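Structure at a glance
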Amino acid sequence: MTKSEERFLMILKDAFHPGEGIPSCAEFPASGDVTDWKAIFDTARKQNLFPLIYDAATAYPSFAGFGQIFPQYFTAATASMAMQMRKNTDFLALYKAFLDVGLAPVTMKGIICRELYGEKADFRPSGDEDLLIEKKDYEKITSVLEACGYHSSLQLDRAQSFPQEIAFYGENLTIELHLSPFGMEKMNAWFRDVFQSSETLEIEGIPVKTMTPTDHFLFLVFHAFKHFTFGGFGVRMMLDILLSMEKYENQMDWNRMDQALVDVGACGFLADLIETGNQRLGFQLTQRYRPVCPGKLLEDMFRMGTFGNATSTDWIAGRMVSDTVQKKEISGKTHPNRLLSCLRLIFPSWKMWISWKPYLKDQPWMLLSEWMRRAGRYLFDETARNDIKRLGKSYKTASERMELLGKYGIL
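Here's what I pulled together on the structure shown here. (Residues numbered from 1 in each chain as written. Predicted model: local features only at pLDDT ≥ 70, side-chain atom pairs only at ≥ 80, totals over all residues. Heavy atoms only, no water.)

1. Comments concerning the pattern of salt bridges
- The tally for this structure, following the rule as stated, stands at 17 salt bridges.
- Between Arg114 and Glu129 there is a salt bridge, and its shortest N-O distance comes to 2.7 Å. Of this pair, Arg114 sits in helix α6 (residues 110-114) while Glu129 is found in strand β2 (residues 129-132), placing the two residues 15 residues apart along the sequence.
- Given the relative accessible area of 1%, Glu129 is considered buried.
- Residues Asp300 and Arg401 are paired through a salt bridge, measuring 2.9 Å at the closest nitrogen-oxygen approach. Linking Asp300 in helix α14 (residues 294-304) with Arg401 in helix α19 (residues 383-407), this pair joins segments that are 101 residues apart in sequence.
- Within the structure, one salt-bridge network assembled from shared partners comprises Asp300, Arg303, Glu400 and Arg401. (Salt bridge = Lys/Arg side-chain N within 4 Å of Asp/Glu carboxyl O. Helix = DSSP H or I, 4+ residues; strand = E, 2+ residues; numbered from the N terminus. Buried < 20%, exposed > 50% of the residue type's maximum accessible area, 1.4 Å probe, protein only.)

2. Describing unusual backbone geometry
- With phi around 55°, Lys109 is a residue other than glycine that occupies positive phi space.
- Looking at the secondary structure, you find Lys109 in the loop between β1 (106-108) and α6.
- Even without a glycine there, the phi angle at Glu204 is positive, about 50°.
- Of note, Glu204 is situated in the loop between β5 (199-203) and β6 (206-210).
- Classification of Glu204 by relative accessible area gives exposed; the value is 66%.

3. Here's the deal with the pairing of β2
- Here β2 shows no split at all, with Glu129 and Leu131 on one side and Asp130 and Leu132 on the other all buried.
- Bridging between β1 and β2 involves three bridges; their strand directions are antiparallel. Considered in β2, the bridge of Met108 is made with Asp130.
- Across four bridges, the pairing between β2 and strand β4 (residues 174-178) is parallel. Paired with Glu129 across the strands is Ile175, a residue of β4. (Pairing = 2+ DSSP bridges.)

Printed below as a string of structure tokens:
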């Protein structure tokens, strides 16, 4: 890890488990030294924890000079927090509208995770809110969303199969509807009774339906494990898991947890998260499983960012790993196909296009102009050469990640 990543972890530790007296970060930039602070905040942005790290950084004497020289960092942190507060308000208003017509979808991640952060809840940003619904309620849910100003580019009829998620866009907030927690049946099998066993968490006076502590913790672990397997995940997901365990450890059904983790092969993965939390972030959680390689896993979190797509190079590496995992399930092969990856980079799929250009989902006819623009770049500038260089870096990252996946028995 880099020095800025080490310091990032020290600040994160002090945000939740501060030591007595001065902050625990003994070796820190001298007052007025802005280079190291910039690197720390670059890491915080990559991990989508910028407001939280900024708030915690104000406790350090050396930060005062940096904050005065670069007030835009304060502006960015404040703006992020204000936007999150607006999103919270919008979501709770929407959820109340559901309740008013007798609906109570199960809320996952998002605002449920932010509640774990206590007074720091608004420093934990969230891009959207995820709702788990029953298929019979889809039309009613959709009606409420549309009445509250949300819209979706995907229109379903009764003859169509329901995709893994459907996004509805509002002025400030995106809502994602799910019929099942995951796109993987093996994981979904552990949430068959989630609607019957759900609990209510009161947030700002609104009773929000969510999973039990055991189910939601298991959901968070599975969610991170899935991202780790197919593209990578970041420190924020780990922090959500650790804070959840810290709050609910004594309320969880660990027999059920053991069975589920063994079933999907995630015992060592969770063990390494717990080990990292205890050793690096000041947690005192019970270590129930044998750690595998917590240091390597932490390095992977920093490299891959929040969702494994911090850069286009990381995204391509994620696709290579994902393809390899799927091929292993079919043919047993465990090496990425470099030629196939190159062709997919030059001739991207529709899924790749909309990940690069989200507006195409609503305006698919613009794909032709994007193809023409892309062809022009390949013909008249160094795009092709740069893509090949990026592919080489992606291949290296993918190979390293697959070696790590092998340590967890995934590959």
